[in-house]
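A closer look at the structure
Letter by letter, the chains look like this.
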Amino acid sequence: EAGELADRLEVKLYVVGGIVRDLLLGIDNLDLDLVVEGNGLAFAKALARAQRGQVKVHERFGTARVTLADGFKVDVATARAEYYEYPTALPTVEQGSVKKDLYRRDFTINTLAVRLNRRQFGELIDFFGGERDLKGRTIRVLHSLSFVEDPTRVFRAIRFAVRFDFVLSRETRALIQGVVKMDLLRRLSKHRLTDELQLVLSEREPGKAIALMDELEVLACLHPDLELTPRLRTLLKATEEALDWYRLLFLDRPMESWLVYLMAMLQVLPDQAVGEVLKRIELSARQEAAVRAGRFGGHRIFRELGRRPAVSPAAVYRALSGTSDETLVFLMAKSKSEHVRRQLSAYVTTYQRMRPALKGDDLKRMGLKPGPLYRRILSKLLEARLNGVVNNEEDERALVR
Ligand code: ATP
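In short, a report on the structure. In this text, all values refer to a predicted model and were calculated from it rather than measured experimentally. (Residues numbered from 1 in each chain as written. Predicted model: local features only at pLDDT ≥ 70, side-chain atom pairs only at ≥ 80, totals over all residues. Heavy atoms only, no water.)

1. Brief notes about the packing of helix α12 (residues 257-267) against helix α14 (residues 285-296)
Their axes nearest at 9 Å, the elements α12 and α14 cross at an angle of 45°. Looking at the two axes, α12 sits oblique to α14. The chirality of how α12 crosses α14 is right-handed. Across from W258, L259, L262, M263, L266 and Q267 in α12, the residues of α14 making contact are R286, Q287, A290, V291, G294 and R295. For the contact of α12 with α14, the residue count by class is seven nonpolar, three polar and two charged. (Axes fitted to C-alpha atoms, helices over the stretch in contact; angles between N-to-C directions. Helix = DSSP H or I, 4+ residues; strand = E, 2+ residues; numbered from the N terminus. Parallel < 35°, antiparallel > 145°, perpendicular 65-115°, else oblique. Left-handed = near helix turned anticlockwise from the far one by under 90°. Contact = heavy atoms within 4.5 Å. Nonpolar A, V, L, I, M, F, W, Y, C, P; charged D, E, K, R; others polar.)

2. Focus on the site of the ligand
Taken together, the neighbourhood of the ligand is formed by 14 residues, with R21, D150, R153, R159 and R163 sitting nearest. One nitrogen or oxygen atom from the side chain of R105 is found 3.5 Å from an oxygen atom belonging to the ligand. Elements that contribute at least two residues to the shell around the ligand include exactly α2 (18-25) and α7 (152-164). At six residues, the largest contribution of residues to the shell around the ligand is made by α7. Of the residues assigned to the shell around the ligand, the class counts are one nonpolar, four polar and nine charged. (Near = heavy atom within 4 Å. Polar contact = N/O pair within 3.5 Å; in protein donor to acceptor, adjacent residues only side chain to side chain.)

3. A few points about the nonpolar core
In terms of nonpolar packing, the biggest core is built from 112 residues, with F43, I158, L201, V218 and L262 touching the most fellow members. In terms of residue count, the dominant contributor to this core is α12 (nine residues). With eleven residues, the next largest nonpolar core counts V35, A77, A79 and L102 among its residues. (Core = buried A, V, L, I, M, F, W, Y, C linked by side-chain atoms within 4.5 Å. Buried < 20%, exposed > 50% of the residue type's maximum accessible area, 1.4 Å probe, protein only.)

4. Description of helix α17 (residues 325-334)
Counting buried positions over the ten residues of α17 gives ten, a clear majority of the element. Buried-residue contacts for α17 involve α11 (230-249), α12, α14, α15 (298-306), α16 (313-320) and α18 (338-349).

5. Some thoughts on the sheet that holds strand β5 (residues 73-79)
Read across the open sheet, the seven strands follow the order β3-β4-β5-β2-β1-β6-β7; overall the sheet is mixed. Each having just a single partner strand, β3 (54-58) and β7 (124-125) make up the two edges of the open sheet. In this sheet, β7 lies alongside strand β6 (residues 113-115) in antiparallel orientation, the contact comprising two bridges. Counted as the bridge partner of V114 is L124 from β7. Packed on one face of the sheet, α2 meets β1 (12-16), β2 (32-37), β6 and β7 and runs near 60° to β1. (Pairing = 2+ DSSP bridges.)

6. Considering the packing of aromatic side chains
In the structure shown here, the tally under the stated rule is eight aromatic pairs. Plain terms: the ring middles of F160 and F164 are 6.0 Å apart, the flat faces sit at 5° to each other, and that makes the pair stacked. With a gap of four residues between them, F160 and F164 both fall in helix α7, about one helical turn apart. Seen in terms of ring centroids, F164 and F166 are 5.5 Å apart; in terms of plane orientation they differ by 50°. Their pairing is tilted. You'll find F164 and F166 in the same group, each marked buried. Taken together, the aromatic side chains of F107, F147, F160, F164 and F166 make up a single cluster linked through ring pairs. (Phe/Tyr/Trp six-rings, centres within 6.5 Å; stacked < 30°, edge-to-face > 60°.)

If you want it as structure tokens, here you go:
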């Protein structure tokens with residue numbers, strides 16, 4: 001349908017980028033990127049109209065986002081047709097504009113395009129050897145200044161290499177090493193570095209990404225002393241296992257797993273270096289508190305949970321309440337004691353969500369005057385619940401009386 005529309009508006013239409021790459025790799029991808037040679041904005045508006053979708057236009061960039069009725073999003077970019085550059089060689093010149101658009105991209109595997117106009121529907125356009133590199137499982141930049149132009153591509157290269165299990169071409173690898181030597185990664189803004197770090201640590205196998213970052217000496221942009229030591233390797237493995245455990249238990253609970261990997265990396269740095277890393281990146285207050293608690297809060301918690309005979313569930317609750325799930329998962333990975341891990345697990349799976357059956361309103365109905373006393377009563381009730389002293393509302397009422 002989009003192709004038909006393009007024919008009607010007499011523009012050339014291509015689907016480009018990640019979705020073409022993933023299609024050829026047989027992987028799902030729901031981000032549809034279109035490039036139009038000609039008036040892309042008019043095309044986007046017409047597409048939205050035909051599909052009863054919404055369109056948001058960025059005039060200045062010649063881009064638009066169309067949101068279809070079912071929530072599916074389509075990004076449309078304009079590649080200006082340059083008919084007049086070489087008037088005698090029209091065909092090649094007409095192709096020139098999409099080619100220029102694709103040349104600005106990061107790696108050859110991301111430069112594949114498929115024509116959508118009806119007559120040429122499905123034609124694969126491959127200016128830079130993207131198909132060869134997909135088959136050869138290779139990440140390759142388009143030109144030697146690519147990483148200097150945009151150093152975040154170093155992280156993108158690592159992400160794609162790990163995600164698809166591809167190798168970096170020899171030249172690409174050498175260019176990354178050059179950028180690292182020139183210290184260009186350390187000059188990235190906090191914001192961009194943090195974004196890239198989050199993305200790379202949110203890939204399916206962050207341990208592999210960290211190993212590749214270590215090999216390319218990219219970890220040093222966080223801290224010169226950060227290295228994949230055997231100790232970090234072990235800790236990363238334990239982190240992965242703890243995250244798997246958590247995900248299996250709570251498929252639906254959101255978890256910033258990348259922060260847990262960050263905690264693991266910080267664990268092998270001395271205290272002072274941790275502060276330096278946290279100055280290099282930009283975390284929200286919540287994220288930073290979670291990371292610090294994971295890195296520094298372990299001693300107190302492990303000492304408490306490690307006591308023998310085991311402390312009561314209420315004491316476990318007191319030691320852990322307010323701790324983020326990310327921190328808890330990391331403590332699970334970090335702890336070497338089975339005894340401690342059992343209690344962490346009981347807290348995460350049970351204690352954390354326990355509440356007394358009685359609420360403030362119930363206390364009121366029982367004739368108690370509202371006030372600070374309520375909090376004390378409710379917290380005593382919770383404690384009694386946790387320790388199995390009371391098991392139902394009746395017991396709770398009896399206890400209050
Ligand atoms: P993902 O599955 O990670 O989203 P993607 O390839 O779709 O993979 P996006 O970050 O959504 O990645 O980018 C879409 C396209 O835009 C890419 O295929 C790439 O061609 C281009 N692109 C994105 N970031 C850059 C960059 N920093 N430099 C050059 N091209 C980029």
